[in-house]
Amino acid sequence: MTGGAKKLERWEAGSVAALLLLALVLRVVGLNASLWYDEVSTLIHFIRLPWGELVTDFSSLNNHMFYSLQAKASVELFGESASALRLPALIMGMASLVLIWWLARKEVGRAPALVTLLLLTLSYHHVWFTQNARGYTGLLTWTTAATILLMAGLRRPTWRGWTGYGLCLAAGMYTHLSAGFFFVAHGVVFAVLAALALLQRQGKLARNYPGASSIRSYYGFALGGLLTLLVHLPMLEQIQSSVGKVSSGSSVSAMAEWNNPLRTLQEFAGSLDALGPLAPYALIGGLLVLILGAVLVTRRSPLLAAIYLTQIPLSLALLVALSFRIWPRYFFVDIGFIFLCASMGALAIVRWAEGMVRRTPLRALAPAALPAAIALMVGASSILLIRNYEHPKQDLEGAVRLVVKLRQPQDAATSVGLAIEPVHGFFAPDWPVTRSTADLDRLLEGGRTVWLITAFESHTRTTQAAIMREVDTRFDKIAILQGTLGGGNVQVYRSRPTAPAK
C-alpha cells in the first residue's frame, strides 16, 4: 500500500520549485573551491587522457568511469577549472533531489516528501557531495531512478519500464562498481517476491506485484547485466587487478581501521561536531526519530522499506566479506531514504505533540507545533551546513600558497606521502618530492631552510615513519589548514635553522 499522493497542486509545485532553486544556490556557492586529493587524482590521471584511452583505463577504482567521461566533456566545453570538473556532480545532485522527492511523494505522501526535500536542500552531506568531482551523486541518481522503476515494474510490468530499469542499472554500475552492492539488494528483494509469488500464485502478494512473475522483470535485470558487461568488457583484467589491490591494501595498518564498521559510525558522529555540546543529544534523538520513521515507512510502503533496509546491512556485510574499506560515502546512496525516515518520524512526533497540547489549556498553541518543528530542523541543518563554506574540502592549494608567500628565494619546498600527488602533480609541479630520508637530507644540505607539506597525517606517519621521525626532530609545524574532509587537514612544516657544516 503506497501513500497515493494526490494531483500536484499549484502551491506544492511552487514549494518544490522554491526549494530546488534554494538548493541550486547553496550548491553553486563554493563550487569553485580548491580541489582535494581524489579530485586532483581524477583530473591528472583520467580526465586529461584522450577519449580513446579514458574509456579503456580502469587502472584504479578511483576512476568513476561514467563520471570521468561527463567531467571530461565539461572540461573541454568550459575549460579546466574546479567548477567545470564538478559540474556533472552538481547536475546529478540536483536530479537526485527531484527523484527522491518524487519517490517519497508517491510512496508516503505529499507532506513527508516536502519535508524530505527541505532537509536534503539544507543537508551538509548532500551539498558536500554535489560539490565533489566524483560519481557519488550520479550513484544516488541512478539507484533512486532504478528503485522507482523497479517498484513500478513490480506493480505494473511494462517493457518500457523494465528497459529503463536496465539502463539505470548499467549507468549506475558504469559510474562505480560499488553500485553493485545496491543492485544486489534489488535482486534479493525481487528473488524473495518471485519465490513467494510462485508459492502463492493466487495470493495477495502475487496480485499486488505481478511483475514478480513477469518475463519483463527478468528482461530488465538481464539487460542491465548485459550492458554492464559490455561497457566493462575492454577493462575486465584491469578491474580484477584494481579490486584485488583495494582488497589486499585494506589490511595495511594505515587503512585497517576503515575495515571496522564502527569507524564509519564514528565518522558520521564526528560530522555533528558543529552542534557542540548538543551533538550527543542530537545523535540519540536523531536515531530514535529514524527508527520511528523507518517503522512508519514500512507500514506505508513495505516494498520501499524492504529495498533499503535490505540494502544497508547487505552492503555492509559484502564490504566486510570482500575486505574492502568501509568508506561512509558507500552509503551516500541511502541519504534519501534516511531523510525520508527522519521526516516521517518527525511529523509523527509533531502530530502526537499537537494532540497532547490540544488536551491542555494551551490548545491554542497546537497549530504552532509543525512550524516550530520545521524551524528546529532547519536551524540544526543550517548549523551543520555552514561548515561546508568555512573551509575547502582539503586546502592543499592554500598550503602551497602559504609556502610561496613565506619562503625565501633560496629555500626548498617539498611534499611527502599522499601530498606528493596533488602538490607535485598539480599545484606545484616544479617542487621536488620527498620519498625517503635521503631525499630529505639532500634538501637540508648546507643548512638550507626546507618547507614541507603533508596530508592525511595519520596515514603519512604510518607509511612514511622514518621521514616523519626526522621531520619531528628537525622541523617545526607552522600551520594546520583545516578542511571539511574527514581527516583532511593539511600540515605545513619548516625546518629549524641549523649552522651549515664546515
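As the structure is a computational prediction, the values presented were derived from the model and not from experiment.

Rules behind the numbers
- Residues numbered from 1 in each chain as written.
- Predicted model: local features only at pLDDT ≥ 70, side-chain atom pairs only at ≥ 80, totals over all residues.
- Heavy atoms only, no water.
- Helix = DSSP H or I, 4+ residues; strand = E, 2+ residues; numbered from the N terminus.
- Buried < 20%, exposed > 50% of the residue type's maximum accessible area, 1.4 Å probe, protein only.
- Pairing = 2+ DSSP bridges.
- Contact = heavy atoms within 4.5 Å.
- Axes fitted to C-alpha atoms, helices over the stretch in contact; angles between N-to-C directions.
- Phe/Tyr/Trp six-rings, centres within 6.5 Å; stacked < 30°, edge-to-face > 60°.
- Lys NZ or Arg CZ within 6 Å of the ring centre and 35° of its normal.
- Arc of directions from axis to C-beta.
- Parallel < 35°, antiparallel > 145°, perpendicular 65-115°, else oblique.
- Left-handed = near helix turned anticlockwise from the far one by under 90°.
- Nonpolar A, V, L, I, M, F, W, Y, C, P; charged D, E, K, R; others polar.

The backbone phi angle of Phe456 is positive, close to 50 degrees, even though this residue is not glycine. Along the chain, the position of Phe456 falls in the loop between strand S3 (450–455) and helix H23 (457–463). For Phe456, a relative accessible area of 17% gives the class buried.

Okay, the sheet that holds strand S4 (residues 475–481) next. In space, the 5 strands of this open sheet follow the order S2-S1-S3-S5-S4, with mixed pairing throughout. The strands lining the two open edges of the sheet, one partner per strand, are strand S2 (433–434) and S4. Here S4 runs beside strand S5 (residues 490–495); their pairing, made up of 6 bridges, is antiparallel. Bridged to Leu481 within S5 is Val490. Sitting on the sheet, helix H24 (residues 465–474) is in contact with strand S1 (412–416), S2, S3, S4 and S5, with an inclination near 100 degrees to S4.

Turning our attention to the packing of aromatic side chains. Following the criterion strictly, the structure yields 20 aromatic pairs and no others. Considering the side-chain rings of Trp101 and Trp102, the 6.3 Å spacing of their centres and the 65 degrees angle between planes classify their relative orientation as edge-to-face. An aromatic cluster is present here, built from Trp162, Tyr165, Phe182, Phe183, Phe190, Tyr218, Phe221, Tyr308 and Phe337 joined pairwise through their rings. Over the ring of Trp51 we find Lys72, and its NZ or CZ is 5.5 Å from the ring centre. The positively charged end of Lys393 is found above the aromatic ring belonging to Trp128, 4.5 Å away from the centroid.

Moving on, we come to the side chain of Ser96. For Ser96, the position within the fold is in helix H5 (residues 82–108). What Ser96 contacts, discounting residues up to four positions off in sequence, is His126, Leu140 and Thr141.

Along helix H22 (residues 437–444), the positions that sit buried rather than exposed are Asp439, Leu440, Leu443 and Leu444. Here the buried residues of H22 occupy an arc of 135 degrees about the axis, which is enough to place them on one side. In this fold, the buried residues of H22 make contact with S1, S2, S3, H24, S4 and S5. Gly446 sits one or two positions beyond H22 and adopts a positive phi of about 75 degrees.

Turning our eyes to something else, we now look at the packing of helix H1 (residues 10–28) against H5. At a minimum axis distance of 11 Å, the contact between H1 and H5 shows a crossing angle of 150 degrees. As judged from the angle between their axes, H1 and H5 are roughly antiparallel. Crossing of H1 against H5: the hand is right-handed. Between H1 and H5, the contacting residues are Glu12, Val16, Leu20, Ala23, Leu24, Arg27 and Val28 on the first element and Leu90, Met94, Leu97, Val98, Trp101 and Arg105 on the second. Residues of the contact of H1 with H5, tallied by class, amount to 10 nonpolar, no polar and 3 charged.

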